[in-house]
Amino acid sequence: MKEQLIIGAFNDPNVSEENYKLFAESGLNFVIMNRKRPKQQILAALSYAEKFGLSCIVNIQVDENLLDCEEFKKYKSFAGFHVFDEPIVDEFESIKAKILPIAEKFPKKLFFVNLWPDQWDKNISKLHASDYPNYVDRFCFEVLSNVQGERVLSVDSYPLMYAYDGSGRDMLDGRHLETLELFARKAKEYNAIFHLYIQTMSYGKWHRKPTIEDMYFQFFVGMAYGVKRFSHFCYYTPGGSCEDFSEKDYAMVAKNDEPTDVYYFVKQVNSDMQKFAKFVLNSSWIQTAFVEGRTSFDEYTGKLYLRDRKNKVNGIESIESEFEAIVGELEYYGEKAYIAVNFTNPCHGKANEIKLRFSTWDRACVQTISGERIIPLQDGVLNLSLGVGQGALIRRG
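Regarding the packing of aromatic side chains
Centre-to-centre distance and the angle between the planes together describe a pair of aromatic rings.
Reasoning step 1: Applying the stated criterion across every chain, the model contains 28 aromatic pairs.
Reasoning step 2: Where Phe-78 meets Phe-106, the ring centres are 5.6 Å apart and the plane angle is 70°; that geometry is what we call edge-to-face. In this pair, Phe-78 is assigned in strand S4 (residues 78–85) and Phe-106 in the loop between helix H4 (99–105) and strand S5 (110–115), connecting sequence segments 28 residues apart. Comparing Phe-78 with Phe-106 shows no difference in burial state: the two are buried.
Reasoning step 3: Geometrically, the ring pair formed by Phe-358 and Trp-361 is stacked, given 4.3 Å between the ring centres and 5° between the ring planes.
Reasoning step 4: Classification of Phe-358 by relative accessible area gives buried; the value is 2%.
Reasoning step 5: The exposure class assigned to Trp-361 is buried, which follows from its relative accessible area of 8%.
Reasoning step 6: An aromatic cluster is built from Phe-10, Tyr-158, Tyr-197, Tyr-203 and Phe-233, whose rings are joined through pairwise contacts.
Reasoning step 7: Across from the ring centre of Tyr-236, 4.2 Å away, lies the NZ or CZ of Arg-35, which sits over that ring.

Here's the deal with empty space enclosed by the protein
Reasoning step 1: Inspection of the entire model under this criterion finds two cavities of 30 Å³ or more.
Reasoning step 2: By volume, the largest cavity is sized at about 50 Å³.
Reasoning step 3: Residue lining of the largest cavity: Met-33, Arg-35, Lys-36, Arg-37, Ile-42, Val-58, Asn-59, Val-62, Asp-63 and Leu-66, and that is the complete set.
Reasoning step 4: Looking at the lining of the largest cavity residue by residue, the classes come out as five nonpolar, one polar and four charged.
Reasoning step 5: Taken as a whole, the second largest cavity holds about 40 Å³ of empty space.
Reasoning step 6: Lining the second largest cavity, in full, are Met-223, Gly-226, Val-227, Lys-228, Phe-279, Val-280, Ser-283 and Leu-330.
Reasoning step 7: Residues of the lining of the second largest cavity, tallied by class, amount to five nonpolar, two polar and one charged.

A look at the layout of surface pockets
Reasoning step 1: Each pocket or cavity is described by its volume, and for the second largest pocket that value is around 390 Å³.
Reasoning step 2: Surrounding the second largest pocket, 22 residues form its lining, Lys-108, Lys-109, Leu-110, Phe-111 and Gly-149 being those nearest its centre.
Reasoning step 3: The set of elements that each furnish at least two residues to the lining of the second largest pocket consists of S4, H4 and S5.
Reasoning step 4: Looking at the lining of the second largest pocket element by element, the count peaks at four residues for H4.
Reasoning step 5: Residues belonging to the lining of the second largest pocket are distributed by class as follows: 13 nonpolar, four polar and five charged.

Here is what the cut-offs are and how they apply
- Residues numbered from 1 in each chain as written.
- Predicted model: local features only at pLDDT ≥ 70, side-chain atom pairs only at ≥ 80, totals over all residues.
- Heavy atoms only, no water.
- Phe/Tyr/Trp six-rings, centres within 6.5 Å; stacked < 30°, edge-to-face > 60°.
- Helix = DSSP H or I, 4+ residues; strand = E, 2+ residues; numbered from the N terminus.
- Buried < 20%, exposed > 50% of the residue type's maximum accessible area, 1.4 Å probe, protein only.
- Lys NZ or Arg CZ within 6 Å of the ring centre and 35° of its normal.
- 1 Å grid on protein atoms, 1.4 Å probe; cavity = no way out; pocket = protein on both sides within 12 Å on 5 of 7 lines; lining within 4 Å.
- Points joined across faces, edges and corners; volume = space filled by probe spheres on them.
- Nonpolar A, V, L, I, M, F, W, Y, C, P; charged D, E, K, R; others polar.

And the structure:
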């Protein structure tokens, strides 16, 4: 059976056969149930999900009584529980207390918790941690280490921003790569699967609407840090009185259950990213280098942090680029492999030229969303042209 990336979405569809069919047709295969629903509606959703080959996790943060529902076991689509979204440190103990009951009643089912991103630099006290790495460290030690089955370490880091100075200028959140590196290291340390939410809609004052190039960008950047699973935020357009969402903010599906332009962007991106499924599922992350371009527009505010990171990875003697780039080093079936990404802000529409000099290779196999090709190397040099938001998987040819 062909290997498949797990690609999910937050804010599950309204429960109907037609809506679950639409969900599946977008290339999504993992339903993150976060909306409060009566048990019978959840069972109906699991039935529809099963019909269309989807997996679902049921939200117990909004209704803990669902832990007593033995009927979930009847459905192949039932994958586990969405235990908590964005907890603070004080909530770790109560989350940990659910690990054993879930393992006993629903063995081998997923115990899913998603953490806050690093946006608390001025209000870290709200997380009740000394700093952001301490927040992640404590979750891994106090909660994740006690999960005996499949471990998933998840974060929702959304990099597509407007500048905080109120100018309306587009920027990339300067904490995004730092967050991804922290989670990549912790996932490796705790033998966990790294799950990343990607920004699929605008919300609040600072987060802009993504383009299709932005979505490719987030996938490739995640791959360079060893992300194994992705989910879109959001599927169904959020409603209610939440101040973070206004009428101009919409997701893949509108409140009338009709697909938006975002739906069709996501459908195309999901299809293209499945081409990398075998690599993503069978590779392991080692490290990621940030490459400061010859021409810099100071698009990424995290450079001061990243300058401390190697501009070089094992097996590559040197990396040069016209603009900012990142190169992830991974192991794939015992061999070195790399994910090179054009790290310019996609909304600025800049392609990037990247030059990599390999130590021992005379040929490279380069895979992009357009396909795969073998490229002979002269003196070990590979010249890559990466379009807006694009990346490439590079292996020995």
